[in-house]
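What follows is each chain in one-letter form.
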Amino acid sequence: MRATSIILTASICLFAACSGNQKPVDMTAQQTKNTKQYETGTVTERALSGSARLPGQLKPFNEVNIFPKVNGFVKKLYVDRGTVVKKGELLITLEAPEMESQLQAANSRYLQAQETAAASKEKYRRLKEAAKEPGSVSPLDLDNAMARMKADDAMARAEESNVSSVRTVQDYLNIRAPFDGMIVQRNVSPGALVSPGKGTDQPMLVLQDINKMRLEVYIPEDYVDKVDLEQPVKFTFNAMPGNQQTAKISRSANSLGSMRSEAIEIDVQNKSGQLKPGMYAEVSIPLLSGAKSLLVPNNAIVRSTEREYVVAVKNGKAELVDIKEGMARNDSTEVFGNLKSGDRIVNHANDELKAGISIQ
């Protein structure tokens, strides 16, 4: 019993001694040790490069969907897909039997009006000759004859105009090319019934002028005021790599479209016929010298389905700043947003980094 009491007493004393010598743990140091370190960079401001590379697409200089002006049946086609035509060349002949009947009826009325006008003129001439004898013809009869002659002559002229009008409508049965070009689409065959259509209907033919073409490029809103319209544009077609061409900007829309961009056009000669509508090109658009933009490292931009932003460091805290991207370089990207040169931003940021997090 005595030995047990001594052992118990010694254990209690040892526990008390250990408890009295325990020091407090420095939790601040541990927290600092566990804090994640972030790599940061800065927003820089530099002059833009001399040009911006944008995609472009070739379009025919002129293009028209050819519809008939009157109802009719296709009698004969003189062209097919790929046919090169000249302005005024006959493309399609239509037939409409009712128009021939209308022309015959108009001619008959015109001949009748001519005969009536000739008879009235002859009657007036005779009365005028007879009036040379005093008292043989009353002045009233002579005036009535003159009025009748003028009325019948006017009626004959009206019928003549009606015949010309019917002939003009009948000429609508002959479909001619409105300009030089190539038929790129044919949608009818002989015997088909055709009628005047709307833009949404299927045309008989599609004609394109491809001797000269339009290279259409859409300039983003942020670059609209930086394009140098006086400098030549360089472009290379994807289907013809290594064949760089140069031309000047021919025209611009001077307005922003639905995609917040301005369309410009570059006229491209196609005498050889190698270029085809729809071909894509990489276009180097010259920019005004002296224009500057804000640049951030490529890895600093966080992209999601809802937004694009960078994580700025302000007062030691993370702040999410929405941006719009501009031109991309090898290691940096032009951005537009509530940023200024010299602002600190987090590199290699991701959507797990939330606003308000402390950043050393």
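Just above sits the structure.
Residues numbered from 1 in each chain as written. Predicted model: local features only at pLDDT ≥ 70, side-chain atom pairs only at ≥ 80, totals over all residues. Heavy atoms only, no water.

Quick word on the overall build of the chain
In step 1: Helix and strand counts for the chain stand at four helices and 21 strands.
In step 2: For the chain, the share of sequence-separated contacts (at least 6 apart) that also reach a separation of at least 24 residues comes to 75%.
In step 3: Accessible area for the chain stands at about 22700 Å²; split by element, carbon and sulfur atoms hold 51% of it. (Helix = DSSP H or I, 4+ residues; strand = E, 2+ residues; numbered from the N terminus. Contact = heavy atoms within 4.5 Å. Areas by Shrake-Rupley, 256 points an atom, 1.4 Å probe, with all protein chains shown as cover.)

A short note on the environment of Thr116
In step 1: Here Thr116 is to be found in helix 3 (residues 97-130).
In step 2: For Thr116, a relative accessible area of 32% translates into the label partly exposed.
In step 3: Linking Thr116 and Ala151, residues 35 residues apart in sequence, is a C-alpha distance of 10.0 Å. (Buried < 20%, exposed > 50% of the residue type's maximum accessible area, 1.4 Å probe, protein only.)

Side note on the pairing of strand 18 (residues 308-314)
In step 1: Burial analysis of strand 18 places five of its seven residues in the buried class, the great majority of the element.
In step 2: Sheet topology note: the strand 17 (residues 301-303)/strand 18 ladder contains three bridges and is antiparallel. Note that in strand 18 the partner of Ile301 across the bridge is Val310.
In step 3: In textbook terms, the turn of a hairpin is the stretch between consecutive antiparallel strands, and for strand 17 and strand 18 this stretch comprises four residues. (Pairing = 2+ DSSP bridges.)

Focus on the sheet that holds strand 4 (residues 72-77)
By definition, the strands of a sheet pair up through backbone hydrogen bonds, in either a parallel or an antiparallel sense.
In step 1: Read across the open sheet, the four strands follow the order 7-6-4-9; overall the sheet is antiparallel. The open sheet has two edge strands with one neighbour each: strand 7 (174-176) and strand 9 (193-194).
In step 2: With four bridges joining them, strand 4 and strand 6 (residues 90-95) adopt antiparallel strand pairing. Among the inter-strand pairings, Val74 is bridged to a residue of strand 6, identified as Leu94.

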